[in-house]
Amino acid sequence: MRAILDLLPEELPGEGYRKAQIAHWLYARGALDFAEMTDLPKALREALDREWRISEFALVEAYPSRDGSVKYLFTLLDGKKTEAVYMPYENRKTVCLSTMVGCPAGCSFCATGALGFGRNLTAAEILSQILAIAHHQGISPREIRNVVLMGMGEPLLNLQNVLRAVRVMLHPKGLALSPRRVTLSTVGIPKGIYRLAEEDLGVRLALSLHAPDDETRRKIVPTAHRYPIAEILEAVRHYYAKTKRRVTFEYTLLEGVNDHLWQARLLAKLLKGLSAHVNLIPFNPWEGAPVEGTPKAGILAFAEELRRLGVPTSIRWSRGQDVGAACGQLALKVPRPLTFKPTLEDAGR
Ligand code: SAH
Ligand code: SF4
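A brief report on the enclosed structure follows. Numbers given for residues are sequential positions, taken from 1 along each chain in its written order. Note on labels: chains are lettered from A, ligands numbered from 1, in written order. Only residues with pLDDT of 70 or above have their local features reported here, since the model is predicted, and side-chain atom pairs are shown and tallied only from 80 upward, although totals for entire chains, interfaces and linings are computed over all residues. Heavy atoms from the whole structure form the basis of all side-chain values; hydrogens and water molecules are not counted.

Quick word on the site of ligand 2
- Whether a residue is near a molecule or strand depends on its heavy atoms: if one lies within 4 Å, it is near. Near ligand 2 you find Cys103, Ala105, Gly106, Cys107, Cys110, Gly113, Gly153 and Val187, and these make up its full shell.
- Residue composition of the shell around ligand 2, by class: five nonpolar, three polar and no charged. Note that Gly is not counted as nonpolar here; it falls among the polar residues with everything else outside the nonpolar set of Ala, Val, Leu, Ile, Met, Phe, Trp, Tyr, Cys and Pro and the charged set of Asp, Glu, Lys and Arg.

Laid out in structure tokens, this is it:
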């Protein structure tokens with residue numbers, strides 16, 4: 001049995017307008033079963049059901065946070081697990097998707113990094129996260145208007161599959177998302193950034209910088225040994241020139257590591273002329289983390305220094321901390337007893 005979500009709308013099975021009908025059932029209606037596709041001839045529905053599967057998950061568990069976000073834990077068909085987060089607030093429904101099981105990059109402050117690398121997710125497994133969330137929320141997949149690739153994994157190290165999934169997200173017969181509403185967050189793999197620029201999909205890029213100098217960055221981001229900041233910024237400049245999309249720089253503030261005001265000043269200098277926006281992320285703690293977050297006063301002072309120097313800066317107070325759904329907490333753990341554990345799909349096929 002093959003994964004139908006691995007196909008672009010024009011590659012779907014069926015002749016002529018049948019492809020568009022199937023795409024509509026999948027992405028507008030959120031059908032998880034071919035039997036629901038009642039305007040297809042019964043013989044076609046049965047043939048589809050024999051050859052193709054829609055869901056990529058054996059099990060989906062939902063962990064709602066007190067703040068309205070919901071963490072989803074997916075058991076893949078091979079038994080491995082990955083996660084996504086649904087964030088319905090701020091008048092736009094957003095999902096944060098994973099691109100891998102675990103992550104090979106090993107950033108010191110990230111719980112996913114501490115898991116190590118499991119495997120890449122297929123395009124179908126990336127898209128299936130959206131369909132499962134929409135199904136559980138009782139909404140059309142197309143009602144999800146914002147996608148961030150900021151869950152488990154480094155998207156630019158799984159570029160082939162990520163690109164295919166993003167193409168379906170942007171496709172008018174797929175999820176029909178505006179490219180401005182799709183954000184790919186990367187630890188900074190120059191090759192991948194150039195490739196993404198070449199593809200010209202127009203998606204937003206978020207660069208996880210976390211330090212303005214290589215010495216500091218190498219202490220917390222192991223890939224910094226391979227890719228110096230200057231090389232990454234050159235790739236980012238190229239991306240900006242090509243796409244005209246303002247790049248966001250993410251910066252998780254860690255006490256005594258990257259939160260000195262001289263680092264704010266160096267960061268401002270570094271980003272000059274880049275039309276950049278800085279997103280400061282307060283550290284989200286997890287058990288066994290070797291670092292500590294900067295206290296609130298330090299976060300505000302760092303932000304103030306950047307703003308004073310003319311750098312547009314926001315602070316992303318994370319949601320979903322109580323269920324381990326905040327940035328960098330995705331590690332397949334549920335940090336408090338469950339009060340609610342619905343099973344969405346037990347397709348297992
Ligand atoms: N691998 C990609 C995308 C996933 S991580 C990347 O690194 O960009 C998404 C964001 O969460 C990154 O900016 C990452 O640096 C940040 N992050 C990781 N662990 C964190 C933590 N414990 N607290 C706050 N932010 C964290
Ligand atoms: Fe991987 Fe991103 Fe976590 Fe680093 S921060 S370990 S790149 S998921």
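Thoughts on helix H9 (residues 261–270)
- Residues Gln263, Ala264, Leu267 and Ala268 constitute the buried set of H9. Looking down the long axis of H9, one finds its buried residues gathered within 140° of arc, a one-sided arrangement.
- On the buried face of H9, the contacting elements are helix H7 (214–220), strand E12 (248–253), strand E13 (277–282) and helix H10 (296–308). When accessible area is computed with a 1.4 Å probe and restricted to protein chains, residues below 20% of their type maximum are described as buried, those above 50% as exposed, and intermediate ones as partly exposed. Helix and strand assignments come from DSSP, with helices taken as H or I runs of at least 4 residues and strands as E runs of at least 2, each series counted from the N terminus. Note: the arc covers the axis-to-C-beta directions of the helix. Two residues form a contact once any of their heavy atoms are found within 4.5 Å.

Observations regarding the site of ligand 1
- Neighbouring ligand 1 are 20 residues, the closest being Phe109, Ser185, Ser208, His210 and Asn284.
- Within the side chain of Thr252, a nitrogen or oxygen atom sits 3.2 Å from a nitrogen atom of ligand 1.
- Each accessible area value is a Shrake-Rupley result obtained with a 1.4 Å probe; residue values ignore everything except the protein chains displayed when judging cover. Contact with the protein chains hides 96% of the accessible area of ligand 1, taken as 530 Å² for the molecule alone.
- Elements represented by at least two residues in the shell around ligand 1 include exactly strand E10 (182–186), E12 and E13.
- For the shell around ligand 1, the residue count by class is nine nonpolar, nine polar and two charged. Here a polar contact is taken to be a pair of N or O atoms separated by no more than 3.5 Å, where protein atoms must pair a possible hydrogen donor with a possible acceptor and residues adjacent in sequence count only if both atoms sit in side chains.

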